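Structure at a glance
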Amino acid sequence: MRNGTVITEFILLGFPVIQGLQTPLFIAILLIYILTLTGNGLIIAIVWAMPRLQIPMYFFLCNLSFLEIWYTTTVIPKLLETFVVARTVICISCCLLQAFFHFFLGTTEFLILTIMSFDRYLAICKPLRYPTIMTSKLCLQLALSSWVVGFTTVFCQMMLLIQLPFCGNNVINHFYCDVGPILKAACIDTSILELLGVLATVLVIPGSLLFNMISYIYILFTILRIPSATGRQKTFSTCASHLTVVSLLYGAVLFMYLRPTAHSSFKINKVVSVLNTILTPLLSPFIYTIRNKEVKGALRKAMTCPKTGHAK
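Residues numbered from 1 in each chain as written. Predicted model: local features only at pLDDT ≥ 70, side-chain atom pairs only at ≥ 80, totals over all residues. Heavy atoms only, no water.

**Observations regarding the overall build of the chain**
Rules: The helix count covers DSSP runs of H or I at least four residues long, the strand count covers runs of E at least two residues long, and both are numbered beginning at the N terminus. Any two residues whose heavy atoms approach within 4.5 Å are treated as being in contact. Areas reported as accessible are Shrake-Rupley estimates using a 1.4 Å probe. Residue values count occlusion only from the protein chains shown.
Each helix and strand counted, the chain has eleven helices and three strands in total. Order of helices (α) and strands (β) in the chain, N terminus to C terminus: β-α-α-α-β-α-α-α-β-α-α-α-α-α. Counting only contacts in the chain whose residues sit at least 6 apart along the sequence, the fraction spanning at least 24 positions is 80%. Split by element, the accessible area of the chain, about 16,600 Å² in all, is 71% carbon and sulfur.

Below you can see the structure in the form of structure tokens.
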């Protein structure tokens, strides 16, 4: 064990370089959080209220929206606190709990997006067999598997992490409890935990990215074989929203993990983390609805029905 006082809490620095902008940033992040909850909650409500939207694609979209609501909730409330409190303190148990849910939900998000790409592959490349393959039972099994695998992957590492004694530097230079700074505060060697983290990261991120790429390569070849330009455009539009979200998420994550380390890299990583934890969950419901005629039609119908009923 290293020499040092045993610590019982961590201090989150947040964004200390933005002195004087705390109030406008607090308001902006709070509005983003409210819009994120509203947008994702609205998607879930519309899909479950409209029987014609209760198909595999929207079932997985509901899973993603439900996940995004809790993913942002694990981070944003504490981030807002860093704007109004001079010294943002979080107990070790709370910090570990936040880290667990952040990485559990983040891992599950990669898996859900991978399943959504598989669903688009079957719908476009195997349209005749799609109804018999992507049954309600299989959809439920795939979604449940994503949640279970995401939970198990992070839970096993967290069981080892909570047994560590902490006596090092208790300042976390981030706006949430990231595993890296937590491990640096441990009093004992954490090389095994770091290795497990690297293995899990490699399996989840590049592994799921490879699966997404293979699915979209097949989808692209299938679309190019469609004779009419209108048919190609219509088919591509069914997966354009998902492809946009995948590009945003993986682009930010690969930038953080595959970029060469530099002295300023961690500051940049914090900024990029904002894209993953705050902006992507906000943009997802808008990306999925702005190009989706079925969802827009269902939303328009839901907004006009009360007026029609009142007029009668």
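Further notes follow.
**Considering the pattern of salt bridges**
Operational definition: Throughout this description, the term salt bridge denotes a Lys or Arg side-chain nitrogen within 4 Å of a carboxyl oxygen of Asp or Glu. Per-residue accessibility, obtained with a 1.4 Å probe over protein chains only, is compared with the maximum for each type, and a residue is labelled buried under 20%, exposed over 50%, and partly exposed between these values.
Under the definition given, this model contains three salt bridges. Among the ionic pairs, glutamate 9 bridges to arginine 87, the shortest N-O distance being 3.8 Å. Highlighted residues: glutamate 9 in strand β1 (residues 9–12) and arginine 87 in the loop between α3 (76–84) and β2 (88–91), separated in sequence by 78 residues. Residue classification places glutamate 9 among the partly exposed positions, given a relative accessible area of 27%. Ionic pairing is found between lysine 78 and glutamate 81, a salt bridge with its closest N-O pair at 2.9 Å. Residue lysine 78 and its partner glutamate 81 are both found in helix α3; the two are separated by three residues, about one turn of the helix.

**What to know about the environment of phenylalanine 83**
On the secondary structure map, phenylalanine 83 appears in helix α3. Here the alpha-carbon distance between phenylalanine 83 and leucine 25, two residues 58 residues apart in the chain, equals 7.6 Å. Apart from the residues lying within four places of it in its own chain, the contact partners of phenylalanine 83 are Ile18, Gln22, Leu25, Phe26 and Ile29.

**Thoughts on the UniProt feature "transmembrane region" (unreviewed entry) in the chain**
To keep things clear, this is the line we draw: UniProt positions are given in the numbering used here, feature names are shortened, and annotations may be inferred rather than shown by experiment.
Here the UniProt feature "transmembrane region" (unreviewed entry) sits at residues 25–48, 55–73, 85–118, 138–162, 198–224, 236–258 and 270–290. Regarding residues 138–162, the helix share stands at 96% and the strand share at 0%, and the terminal C-alpha atoms are separated by 35 Å. Secondary structure content for residues 198–224 is 100% helix and 0% strand, while the C-alpha to C-alpha distance between its ends is 38 Å.

**Structural notes on the nonpolar core**
Selection criterion: Nonpolar cores were defined as sets of buried Ala, Val, Leu, Ile, Met, Phe, Trp, Tyr and Cys residues, with membership established by side-chain atoms within 4.5 Å.
The biggest cluster of nonpolar side chains holds 65 residues, and the ones touching the most others in it are Phe10, Phe166 and Ile182. Element by element, the count of residues in this core is highest for helix α4 (residues 92–125), at 16 residues. Excluding residues that lie within four positions of it along the chain, isoleucine 182 makes contacts with Phe10, Cys95, Leu96, Ala99, Leu161, Phe166, Ile172 and Cys177. If you look at the next biggest cluster of nonpolar residues, it comprises 15 residues, including Phe15, Val75, Leu80 and Ile278.

**So, the environment of valine 75**
Examined against the element boundaries, valine 75 turns out to sit in the loop between α2 (56–73) and α3. By relative accessible area, valine 75 is classed as buried at 0%.

**Quick notes on the pairing of β1**
Our working rule: Whether two strands pair comes down to DSSP finding at least two bridges between them.
Taken together, the four bridges between β1 and β2 define a ladder with antiparallel strand orientation. By the bridge assignment for β2, isoleucine 11 is matched with valine 89. The sheet contact formed by β1 and strand β3 (residues 171–172) spans two bridges and is parallel. Paired with leucine 12 across the strands is isoleucine 172, a residue of β3.

**Remarks on the state of the cysteines**
This is how it is decided: Pairs of cysteine sulfur atoms within 2.5 Å are what we label disulfides.
Overall, the coordinates contain three disulfides when judged by the stated rule. Sulfur-sulfur distance for the disulfide between cysteine 91 and cysteine 94 comes to 2.5 Å. Measuring handedness by torsion sign, the sulfur bridge of cysteine 91 and cysteine 94 sits at about 75° and is right-handed. On the basis of relative accessible area, cysteine 94 is assigned to the partly exposed category, the value being 40%.

**With respect to the packing of helix α1 (residues 22–49) against α3**
Put simply, the rule reads: In this analysis, axes come from line fits to C-alpha atoms, helices being fitted only over the stretch in contact, and the angle between any two N-to-C directions falls in the range 0 to 180 degrees. Here the angle decides the label: under 35 degrees means roughly parallel, over 145 means roughly antiparallel, 65 to 115 means roughly perpendicular, and every other value means oblique. Put simply, a crossing is left-handed when the front helix is turned counterclockwise from the back one by less than a right angle, and right-handed when it is turned clockwise. Note on residue categories: nonpolar means Ala, Val, Leu, Ile, Met, Phe, Trp, Tyr, Cys or Pro, charged means Asp, Glu, Lys or Arg, and polar means any other residue, Gly included.
For the pair α1 and α3, the least separation of the axes is 9 Å and the interaxial angle reads 165°. Judged by the angle between their axes, α1 and α3 are roughly antiparallel. The way α1 lies across α3 gives a crossing that is left-handed. Residues Gln22, Leu25, Phe26, Ile29, Leu30 and Tyr33 of α1 form the contact with α3, whose own contacting residues are Ile76, Pro77, Leu79, Leu80, Phe83 and Val84. Residue composition of the contact of α1 with α3, by class: eleven nonpolar, one polar and no charged.

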